[in-house]
Amino acid sequence: EGGDILYLHGRSGMYLETPAGVAGPNHLLAMCRDGLRVPLALALQKARSTTEPVRIRGVRVRSDRHITTTNLTICRPTATPPTSRESAQYLVILQDVTTDSDPPISLAPAARSPDVEEELHAKEEHLLAANEQLATANEELHSSNEELQSVNEELQSSNEELETSKEEVQSMNEELVTVNAELQAKLTDLSRASNDMNNLLASTGVGTVFLDPQLRLLRFTPSATRIIHLIPSDVGRPIAHIAANLVGYHRLVEDAQAVLDTLTPVETDVQAHDGVWYRMRILPYRTIDNVVEGAVITFIDITDIVHAREALQKADGLLRLAVVVRDAYDAITVQDLQGRILAWNPGAVRMYGWTESEALALKVTDRVPESARAGELSRLRQLSEKRVIEGYRTRRCTRSGAELVVWITATALVNEAGVTYAIATTERSGPLRTRSRAGAVRAP
């Protein structure tokens, strides 16, 4: 369609010749001999607008020394019009006229004047120049197309590189998402472990204080605030600047520093001002790598243990007293303020004859002769009022009805509130006198 020759067949030298100058594409119109160029250009133009063959007869072509009469035919090899992406192709047939049976037919007049001939020659040269410009434009377009193709390939390469970079970025993004998920899971586990530890320390009721190597406060449990006056803003302050609610113990800072210096734990019992006793332990704070990074102070409530120890000591004293009371030869009794007998030792059994179970059902007046009851009740009231009563002699009845002269020492028993709740007596018999039920007295 652009006029470039794709294929030659037969003897074409009498119709075509290579033009002088720089060799370039084999353009058909540029290679035509005189007399052929104009008819061929007109025929090509007509062939572009129709699918039917275009014929021109009797075209006179000038060769070196003679003129050849030629029939020109141009047709398309296929009847189907080319698509937008295809280039139309044309078959140009040049046939010598060797007989006169077919009279020559030409688009040009048979006889022409020199002026017409010159004008046609000028138009032919102008058409040739236009065709050369068209060929040049086609070459430039082809070059531009090649450049555009090269740019397109470069863009395609850049696009592939960008696609590769996108895949790499996507892969990195997926890895970051995975790492972020792992970090989030670890953060969740760490938060859960921290919450578990805080709840554990808070639920145990153990006061705990964490100190750094400079004895500055790192953290503490709620239970520790009852022992050391702490508030959340105290974190970061030296422990020496914070007052402790302890009685008679002022070596907290010195003991904590000693633990850091010697790595030897310190343990002691301390009491708060509210009366609660604590077992205080100061230990080095060790990391998983066994590095000491401070100290830990714990306070464990041992009030019940202290009270139990004191009660055990009292019980031990009472036990020893009970042994003494049991093994004493004298009669030892305990009676409440209403005169009911609460305790009755073996000495009383020997002296008065009543067993312990029988005596616990008696009152003190059951063992006092009627004539002495008023005096006994008066002494009982004096003891209930915490009056001091010296030992005195009186009389007591035995189970058999006999009367004994006894020497009695009475002591008021006072509780922790200072209130008398019972009276203890130690009774030792004097010279024995027996009185019959008729009132007679018999000397031993």
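Residues numbered from 1 in each chain as written. Predicted model: local features only at pLDDT ≥ 70, side-chain atom pairs only at ≥ 80, totals over all residues. Heavy atoms only, no water.

## Some remarks on the overall build of the protein
Here comes step 1: Scanning the protein for helices and strands turns up eight helices and 15 strands.
Here comes step 2: When each of the 444 residues of the protein is scored for burial, the buried share is 28%.
Here comes step 3: At a minimum sequence separation of 6, the contacts of the protein that also span at least 24 residues come to 43%.
Here comes step 4: For the protein, the accessible area works out to roughly 29,500 Å², and carbon and sulfur atoms hold 54% of it. (Helix = DSSP H or I, 4+ residues; strand = E, 2+ residues; numbered from the N terminus. Buried < 20%, exposed > 50% of the residue type's maximum accessible area, 1.4 Å probe, protein only. Contact = heavy atoms within 4.5 Å. Areas by Shrake-Rupley, 256 points an atom, 1.4 Å probe, with all protein chains shown as cover.)

## A look at the pattern of salt bridges
Here comes step 1: Evaluation of the coordinates by the stated rule reveals 13 salt bridges.
Here comes step 2: For arginine 33, the salt bridge is made with glutamate 17, and the minimal N-O distance between the two is 3.3 Å. Within this pair, whereas arginine 33 is found in the loop between helix H1 (28-31) and helix H2 (37-47), its partner glutamate 17 is found in the segment before H1, the two being separated by 16 residues in sequence.
Here comes step 3: Glutamate 267 is the partner of arginine 279 in a salt bridge, and the nearest nitrogen-oxygen pair spans 3.3 Å. In this pair, arginine 279 is assigned in strand S7 (residues 277-286) and glutamate 267 in strand S6 (residues 266-271), connecting sequence segments 12 residues apart.
Here comes step 4: Accessibility expressed as a relative area gives 46% for glutamate 267, which makes it partly exposed. (Salt bridge = Lys/Arg side-chain N within 4 Å of Asp/Glu carboxyl O.)

## Comments concerning the sheet that holds strand S1 (residues 54-62)
Here comes step 1: Here we have three strands laid out as an open sheet, ordered S1-S2-S3, and antiparallel in their pairing. Both edges of this open sheet fall to S1 and strand S3 (91-96), since each of them pairs with a single strand only. The mean angle between the axes of side-by-side strands here comes to 30°, regardless of whether they run parallel or antiparallel.
Here comes step 2: One ladder, built from seven bridges, connects S1 with strand S2 (residues 67-75); its direction is antiparallel. The partner of valine 54 across the bridge, within S2, is isoleucine 74.
Here comes step 3: Its contacts with the sheet put H2 on S1, S2 and S3, and the angle it makes with S2 is roughly 10°. (Pairing = 2+ DSSP bridges. Axes fitted to C-alpha atoms, helices over the stretch in contact; angles between N-to-C directions.)

## Examining the nonpolar core
Here comes step 1: Counting 25 residues, the largest nonpolar core has Val209, Leu211, Ile228, Leu252, Met280, Ile297 and Phe299 as the members making the most contacts within it.
Here comes step 2: Every element with two or more residues in this core is listed here: strand S4 (207-211), helix H4 (252-262), S7 and strand S8 (292-301).
Here comes step 3: Of the residues forming this core, the biggest block, four residues, is contributed by H4.
Here comes step 4: Sequence-distant contacts of leucine 252, defined by excluding residues within four places in its chain, comprise Ile228, Ile239, Met280, Ile282 and Ile297.
Here comes step 5: In terms of nonpolar packing, the next biggest core, distinct from the first, is built from 20 residues, Tyr15, Leu29, Ala88 and Tyr90 among them. (Core = buried A, V, L, I, M, F, W, Y, C linked by side-chain atoms within 4.5 Å.)

## Things to note about the sheet that holds strand S5 (residues 217-220)
Here comes step 1: With respect to topology, five strands assemble into an open sheet ordered S5-S4-S8-S7-S6, the strand pairing being antiparallel. Sheet topology places S5 and S6 at the edges, where each strand pairs with a single neighbour. Within the sheet, the average angular offset between the axes of one strand and its neighbour, ignoring direction, is 20°.
Here comes step 2: Taken together, the six bridges between S6 and S7 define a ladder with antiparallel strand orientation. Bridging from a neighbouring strand, glutamine 271 pairs with tryptophan 277 of S7.
Here comes step 3: Across the sheet, H4 lies against S4, S6, S7 and S8, angled at about 35° from S7, the strand it touches most.

## Some thoughts on unusual backbone geometry
Here comes step 1: Of note in the backbone geometry, leucine 215 takes a positive phi value of approximately 60° without being a glycine.
Here comes step 2: Inspection of the secondary structure assignment puts leucine 215 in the loop between S4 and S5.
Here comes step 3: Phi angles above zero are rare outside glycine, and leucine 263 is one such case at about 60°.
Here comes step 4: Note that leucine 263 resides in the loop between H4 and S6.

## A look at the packing of aromatic side chains
Here comes step 1: Inspection of every chain in the model, using the stated rule, returns three aromatic pairs.
Here comes step 2: Considering the side-chain rings of tryptophan 344 and tyrosine 352, the 5.8 Å spacing of their centres and the 40° angle between planes classify their relative orientation as tilted. Like tryptophan 344, the residue tyrosine 352 is buried in the burial classification.
Here comes step 3: The residue whose ring lies beneath arginine 219 is phenylalanine 210, and the NZ or CZ to ring-centre distance is 5.4 Å.
Here comes step 4: Above the plane of the ring of tyrosine 352 lies arginine 367, whose end atom (NZ or CZ) is 4.9 Å from the centre. (Phe/Tyr/Trp six-rings, centres within 6.5 Å; stacked < 30°, edge-to-face > 60°. Lys NZ or Arg CZ within 6 Å of the ring centre and 35° of its normal.)

## With respect to the confidence of the model for the protein
Here comes step 1: Averaged over all residues, the pLDDT of the protein is 81; the fraction at 70 or higher stands at 84%.
Here comes step 2: Taken element by element, the protein is modelled with least confidence in strand S15 (residues 441-442), mean pLDDT 34, and with most confidence in S3, mean pLDDT 92.
Here comes step 3: Ignoring residues within four places in sequence, the model shows residues 100-110, a span with pLDDT below 50, making 14 contacts including any to other chains.
Here comes step 4: Low confidence marks residues 432-444, where pLDDT is under 50. Its contacts with residues over four positions away, or in another chain, come to 17 contacts. (pLDDT = per-residue confidence, 0-100.)

## Let's talk about the pairing of S8
Looking along a regular strand, one sees the side chains alternate between the two faces of the sheet.
Here comes step 1: Relative to S8, S4 runs antiparallel, the two being bridged by five bridges. Of the residues in S8, the one forming a bridge with glycine 207 is phenylalanine 299.
Here comes step 2: Both S7 and S8 contribute to a ladder of eight bridges, which runs antiparallel. Directly across from isoleucine 282, in S8, lies its bridge partner isoleucine 297.
Here comes step 3: In textbook terms, the turn of a hairpin is the stretch between consecutive antiparallel strands, and for S7 and S8 this stretch comprises five residues, one of which, asparagine 290, has a positive phi near 60°.

## With respect to the side chain of threonine 68
Here comes step 1: You can see threonine 68 is positioned in strand S2.
Here comes step 2: Given the relative accessible area of 10%, threonine 68 is considered buried.
Here comes step 3: Those residues in contact with threonine 68 that sit more than four places away from it in its chain are Met14, Tyr15, Val59, Arg60, Val61 and Asp96.

## Topic: H4
Here comes step 1: Of all the positions in H4, only Leu252, Asp255, Ala256, Val259 and Leu260 are classed as buried. Down the axis, H4 shows its buried residues gathered within 140° of arc, on one side only.
Here comes step 2: Buried residues belonging to H4 abut S4, S6, S7 and S8. (Arc of directions from axis to C-beta.)

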